[in-house]
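# Chains, contacts and geometry: an overview
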Amino acid sequence: MKTKGDTDARPLFTIDQKGIFEKEIDRAVADGEVDFAVHSLKDVPSQLVENLTLASIPKREMVNDIFISSDGTTLDSIKPGAVIGTSSLRRAVQITRKRSDITVRPIRGNIETRIKKVTDKIFDGIVLAQAGISRLGIDVQYTPLSIQDFSPSPGQGALAIVSRKDEPSTILMLKKIEDPDSRLEIEAERSLSDFVDSGCRFPIGAYAKSNGNQMTLSVSAFSVDGKKSLFVEKSGDKNDPFLLGKSVGEELHKKGVNDLAINWRKKVEEWNKQ
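First, a word on scope: everything that follows refers to the structure included in this document. Being a predicted model, the structure only gives us computed values, none of them experimental.

Where helix α2 (residues 23-30) is concerned, the buried positions are I25, D26, A28, V29 and A30. Contacts from the buried residues of α2 go to β1 (36-40), β2 (52-56) and β8 (159-164). In the stretch just after α2, G32 is the one whose phi turns positive, near 80°.

The structure is reproduced here in structure tokens:
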């Protein structure tokens, strides 16, 4: 099935619409054309169609980003002036913060297409999520990037399986492959994201990690030029992920996250006019 995210050629961060990769597919689930749908969780909005539910979250893959170059060069050592591709505005700013002497440009296409643009020397390198490489089993040389420098998108590395609420047998089947800790971590990250209304047009990095009965939620936000940043990290009861996400969101608001959000939106509007 083709979605708006597949057919719209504009950079993802210029499309002012949530759920661009899942809306058409979830409509097919809601209409009974298919029994359930599998998405990359970070592409799934928190508010689903009324008769749908996020039935299962399997065990999460690695959450970090990776760097791929044509000659195996790392992001730290690549030549000044190199052109780096990414589909994520969040990553674009993080790249610029780390290497202000290189050029970052938007890139579209599936993972294989992006890698080919590196081997064809259209880009000197690309940054993308390690989870995608792992799931597809692609044999390509890459350098892992630290979560500290490249805070992941809320839900990165996780799959979301969506089904209808009125199909308990399907939900029960899908629950057999759910990972409880992954579910709780995702709920904390999505709670935070909802509280500050983040998304493709105001990217926030968030990563929750369970440890026993506790969970730590780490969140980063940046100004559009990368010169200003906010970081909040809190721990709480892992069985109350919504409270933890709300608490971190409140702390971000106290530190002025709204000012960063306004700057992002202005910049996106400027890019759309180019």
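Once you've had a look at it, read on.
On to the nonpolar core, then. Side chains that are nonpolar tend, in soluble globular proteins, to be buried together. Membership of the largest hydrophobic core comes to 18 residues, with the highest contact counts inside it found for L192, I204, L217, V219, V248 and L252. Those elements that provide at least two residues to this core are α7 (180-196), β9 (205-211), β10 (214-222), β11 (229-237), α8 (241-254) and α9 (257-273). If we skip the residues at most four places from it in the chain, L217 touches A188, E189, L192, Y207, A208, V232, E233, K234, L244, G245 and V248. Residues V29, V44, I57 and A158 belong to the second largest nonpolar core, which totals 13 residues.

What follows deals with the side chain of S69. Locating S69 in the fold gives a position in strand β3 (residues 65-69). Residue S69 is classed as buried on the basis of its relative accessible area, which comes to 9%. Among the polar contacts listed, one links the side chain of S69 to the backbone oxygen of T73, at a separation of 2.7 Å. If near-sequence neighbours (up to four positions away) are discounted, S69 is found in contact with V118, D124 and G125.

The grouping of F36, V38 and M173 at the surface amounts to a nonpolar patch, some 270 Å² of accessible area in total. Relative to the helices and strands, M173 is located in helix α6 (residues 168-175). Judged by its relative accessible area of 44%, M173 is partly exposed.

Glancing now at the side chain of T86. Tracing the chain through its elements places T86 in strand β4 (residues 83-86). Those residues in contact with T86 that sit more than four places away from it in its chain are R91, A92, I95, V104, R105, P106, I107 and V127.

By definition, the strands of a sheet pair up through backbone hydrogen bonds, in either a parallel or an antiparallel sense. Strand order in the open sheet formed by three strands is β9-β10-β11, and the pairing between neighbours is antiparallel. Single-partner strands in this sheet number two, and they are β9 and β11. Averaged over neighbouring strand pairs, the angle between their axes works out to 10° when direction is ignored. Here β10 pairs with β11 via nine bridges, running antiparallel.

What counts as what
Residues numbered from 1 in each chain as written. Predicted model: local features only at pLDDT ≥ 70, side-chain atom pairs only at ≥ 80, totals over all residues. Heavy atoms only, no water. Buried < 20%, exposed > 50% of the residue type's maximum accessible area, 1.4 Å probe, protein only. Helix = DSSP H or I, 4+ residues; strand = E, 2+ residues; numbered from the N terminus. Contact = heavy atoms within 4.5 Å. Core = buried A, V, L, I, M, F, W, Y, C linked by side-chain atoms within 4.5 Å. Polar contact = N/O pair within 3.5 Å; in protein donor to acceptor, adjacent residues only side chain to side chain. Patch = residues over 30% accessible without salt bridge, like charges linked within 9 Å, V, L, I, M, F, W, Y side chains within 5 Å. Areas by Shrake-Rupley, 256 points an atom, 1.4 Å probe, with all protein chains shown as cover. Salt bridge = Lys/Arg side-chain N within 4 Å of Asp/Glu carboxyl O. Pairing = 2+ DSSP bridges. Axes fitted to C-alpha atoms, helices over the stretch in contact; angles between N-to-C directions.

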